[in-house]
Amino acid sequence: MVRKLPDFFKDPHAIADLPKGEPILLALSGGADSSALIYLLCRLREVHKFPLYAAHVNHGIRTEDYDNEALRDEQFCAELCSDLGVDLFIHHADVPMLAQSEGKSLETAARDARYAFFEEIMLSKGIKLLVTAHNADDNLETQIFNLCRGCGVSGMCGIPEKRDFNKVGLVVRPILSASKAEILDFCRINGIKFVTDSTNLDDECTRNRIRHNILPELKSLFFSPERASLRLSRCSSEDDEFIRLEAERFLSYEKGSVDAERLSTLHPSLAKRIIMIAYGRTFPYSSSLEAVHVEDILAFICDNGGKKNGRISLPNKTVAIIRDGRLQFFANGGEVESRSYEIPLKEGSLQIDGTDFAVSVDSQQPPQSLYIDGEAYVLYAQAYVKNIDLSLCSASSRREGDLIFDNKMHKKVKKIMCDKKIPTSERSLLPIIREQSEAIYVPLCAVADRVKATAADHQYVISIYKKHKPEETQHA
């Protein structure tokens, strides 16, 4: 057993800012890095008495052609955990089949299979902390890889010491500051055994070629480039965090689309990040935009101050559309869904089929969110009304020539929606409340004078809810 924790090891609980007794799940491959780490965690467990688990995935890759290294690694991990008194979870995945069926590389399919298994364990066991054995050399490899892809400052952040994990918990890297050489020395000094993945010796993989050819050359030219890489990561992460927070602050004032005119006046670094985040929010399960696409969008907007309408084709049949001074992203080539509907109103809540909206009519203040048929909705718009006959009221889609009498004058509903910057994709689906054929409430836009009320004298509260779509970000 390891007697003393080395300087390169950080307490995972301290990194995550969680109590010392919080359970930990270790991603265990059986290689030098994770084998060293499990001994370090066991030493820490003696002090803080936390539950420690490990998870190993047999990817089904290194089988017959590799003297069944996959089974050897699995058995090694099982024996190691048995000796150390650590509960081990093992999963068998057919990664070659997954890669082929999902159109992914073996590396990506293997990673996805691992993290899906880790998430399953964390959810079932109530574990918030996943620990991986990434090191300083891994971080340098990542930066070189990202650099050659033409990344921005985000790519130079490298591997984060801590990141969110699918809203399940956190991933932390306690030995990220250690070089590969330090870890191998630690294993040798402490008699820690490990297995070697022979595919790591194959130069067909890009990362392996970086590891075998570029890193040794860098280390012959410069003293400890992996340390310099970590400093670059810290500086880049600080800059990246500042830009991200400013971009999110800008977007906090937007509703489903982005002010293209204002965007054209911003520093390019901030404007590009806003575009990337807006795209990611629209398509949370898609890959992020590459730099060339972001630059195309920004160049179009800046060429005319965001005032000219246009469209830019993007990957995966998505498009960026600039219309009426607003930037918005669409799937399927930008075809905006349009359908006509009219639904009678009654007290209570109802979904509007074929849309993301629901309507609620109550005499009292309704909740900020609700569930209808298992779907979660959040409050989108609300109005206090009086002097209406609910039996004559309906919720319907917008009609050509719609008017609403607001502030002593008739106004075109289409123009109000445009002025209020209602996203184009929502204008044809947003429910308009009518009494007979008269529009009396256009959400986020206007309430007709004759039914307008306050919280003190209202007859009904009409609430429009929108389906809740959680945002999830995939991490490398």
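Description of the structure in this document. (Residues numbered from 1 in each chain as written. Predicted model: local features only at pLDDT ≥ 70, side-chain atom pairs only at ≥ 80, totals over all residues. Heavy atoms only, no water.)

**Here's the deal with the pairing of strand β2 (residues 52–58)**
In summary, the side chains of a regular strand alternate between the two faces of the sheet. Most of β2 sits out of view: 7 of its 7 residues are buried. Side-chain alternation along β2 places Leu52, Ala54, His56 and Asn58 on one buried face and Tyr53, Ala55 and Val57 on a second face that is also buried. Here strand β1 (residues 24–27) pairs with β2 via 4 bridges, running parallel. Following the sheet pairing, Ile24 is matched in β2 by Leu52. With helix α2 (residues 32–48) bridging β1 and the parallel β2, this β-α-β connection has right-handed handedness. Bridging between β2 and strand β3 (residues 87–92) involves 6 bridges; their strand directions are parallel. Residue pairing in the sheet places His56 in a bridge with Ile90 of β3. (Buried < 20%, exposed > 50% of the residue type's maximum accessible area, 1.4 Å probe, protein only. Helix = DSSP H or I, 4+ residues; strand = E, 2+ residues; numbered from the N terminus. Pairing = 2+ DSSP bridges. Right-handed = clockwise from strand over helix to strand, strands pointing away.)

**Considerations on the environment of Ser124**
Within the element layout of this structure, Ser124 appears in helix α5 (residues 106–125). Assessed through its relative accessible area of 57%, Ser124 is described here as exposed. Spatially, the C-alpha atom of Ser124 lies 23 Å from that of His48, the residues being 76 residues apart in sequence. One polar contact links the side chain of Ser124 to the main-chain carbonyl oxygen of Ile121, over a distance of 2.9 Å. (Polar contact = N/O pair within 3.5 Å; in protein donor to acceptor, adjacent residues only side chain to side chain.)

**A look at helix α12 (residues 291–303)**
Here α12 spans 18 Å end to end across 13 residues, near enough to the 18 Å set by a 1.5 Å rise per residue. Here α12 has its buried residues at His293, Val294, Ile297, Leu298 and Ile301. The buried residues of α12 all sit within an arc of 130° when viewed along its axis, so they share a single face. Looking at the buried side of α12, the elements it contacts are α10 (260–263), α11 (268–282), β8 (310–314), β9 (318–323) and β10 (326–330). (Expected span 1.5 Å × (residues − 1). Arc of directions from axis to C-beta. Contact = heavy atoms within 4.5 Å.)

**Here's the deal with the pairing of strand β22 (residues 460–467)**
Most of β22 is tucked away, with 6 of its 8 residues classed as buried. Pairing of strand β13 (residues 357–362) with β22, which is carried by 6 bridges, proceeds in the antiparallel orientation. Across the sheet, the residue bridging to Ser360 is Ser463, located in β22. The pairing of strand β15 (residues 375–385) with β22 spans 8 bridges and is classified as antiparallel. Within the sheet, the bridge partner assigned to Val385 lies in β22 and is Tyr460.

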